[in-house]
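Coordinates in review
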Amino acid sequence: MMERHGWSSQEVRGQLAKGGGLMGLSGVEGGDVRDLEAAAAQGSRRAELALEVFVYEVKKSIGAFAAAMGGLEAVAFTGGIGENSARLRWACCEGLEFLGIGLERAKNESGSGDRVVSADDSRVAVLAVATNEELIVARRAYGVLSRRGA
């Protein structure tokens, strides 16, 4: 891009940040998954494509980790997407039954906070875990200050 368009490295970084990822694929400003899901529900093929790419990448990662670790005991979905999007959790696990992953639709579509969303007979536990960045930062700060003797 630098050669073709004469862009500086800063311009390339800006284009990748603004025009890449879910936002670049979907055309939905900001690339927020909630907005993508809404746009897809209203018929946006680009938003649906972005969600399909996201799901594909998650499935690829789950498969790669399963291979590297010789199997799975649990899959945890966290962050805004993993905690709140039943649709994406379902799509990410669909077709991975051969790994022992099985969701229960009712569990997946209800509840909030930390919860198990896998079927009772699933060999792999599937979790939706609430993210608490403030708690993590507080614990790390406490650890650093404790080591300093403060």
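This report concerns the structure included in the present document. (Residues numbered from 1 in each chain as written. Predicted model: local features only at pLDDT ≥ 70, side-chain atom pairs only at ≥ 80, totals over all residues. Heavy atoms only, no water.)

**Some remarks on the nonpolar core**
The cut-off we apply is this: Residues enter a nonpolar core if they are buried and are Ala, Val, Leu, Ile, Met, Phe, Trp, Tyr or Cys, with the set joined through side-chain atoms within 4.5 Å. Relative accessibility under 20% of the residue-type maximum defines a buried residue, over 50% an exposed one, and the middle range a partly exposed one, all with a 1.4 Å probe and only protein chains included. Secondary structure is summarised from DSSP: a helix means a run of H or I of at least four residues, a strand means a run of E of at least two, and numbering begins at the N terminus for each.
Ile-62, Leu-72, Val-75, Phe-77, Ile-101 and Val-126 are the most contacted members of the largest nonpolar core, which totals 25 residues. Those elements that place two or more of their residues in this core are helix H4 (33-41), helix H5 (45-69), strand E1 (74-78), helix H7 (86-93) and strand E3 (125-129).

**Looking at the pattern of salt bridges**
Note the cut-off: By convention in these notes, a salt bridge is any Lys or Arg side-chain nitrogen within 4 Å of a carboxyl oxygen on Asp or Glu.
In the structure shown here, the tally under the stated rule is six salt bridges. One salt bridge in this structure joins Arg-34 and Asp-32, with 2.8 Å as the shortest N-O distance. When its relative accessible area of 63% is taken as the criterion, Arg-34 is described as exposed. Judged by relative accessible area, which is 27%, Asp-32 ranks as partly exposed. The partner of Glu-48 in a salt bridge is Arg-87, with the nearest N and O atoms 2.7 Å apart. Placement of Glu-48 in helix H5 and of Arg-87 in helix H7 is noted, with a sequence separation of 39 residues between them.

**A few points about H7**
The element H7 is largely enclosed, with a buried count of six among its eight residues. Buried within H7 we find Ala-86, Leu-88, Arg-89, Ala-91, Cys-92 and Cys-93.

**Quick look at the packing of H4 against H5**
This is how the line gets drawn: Axes here refer to lines fitted to C-alpha atoms; in helices the fit is confined to the stretch in contact. Angles between the N-to-C directions go from 0 to 180 degrees. Orientation is classified from the angle alone, with under 35 degrees giving roughly parallel, over 145 giving roughly antiparallel, 65 to 115 giving roughly perpendicular, and any other angle giving oblique. In this scheme the crossing of two helices becomes right-handed for a clockwise turn of the near helix relative to the far one and left-handed for an anticlockwise turn of less than a right angle. Every residue pair with non-hydrogen atoms within 4.5 Å of one another is taken to be in contact. Lys, Arg, Asp and Glu make up the charged group, whereas Ala, Val, Leu, Ile, Met, Phe, Trp, Tyr, Cys and Pro make up the nonpolar group; the residues left over, Gly among them, are polar.
Two elements in contact, H4 and H5, have axes separated by 7 Å at closest approach and are oriented at 130°. The angle between the axes of H4 and H5 places the two elements in the oblique class. Crossing of H4 against H5: the hand is left-handed. For the pair H4 and H5, the contacting residues are Val-33, Leu-36, Glu-37, Ala-39 and Ala-40 in the first and Ala-47, Glu-48, Ala-50 and Leu-51 in the second. Within the contact of H4 with H5, the residues separate by chemical class into seven nonpolar, no polar and two charged.

Bear in mind that shape data such as this cannot, by itself, settle questions of function.
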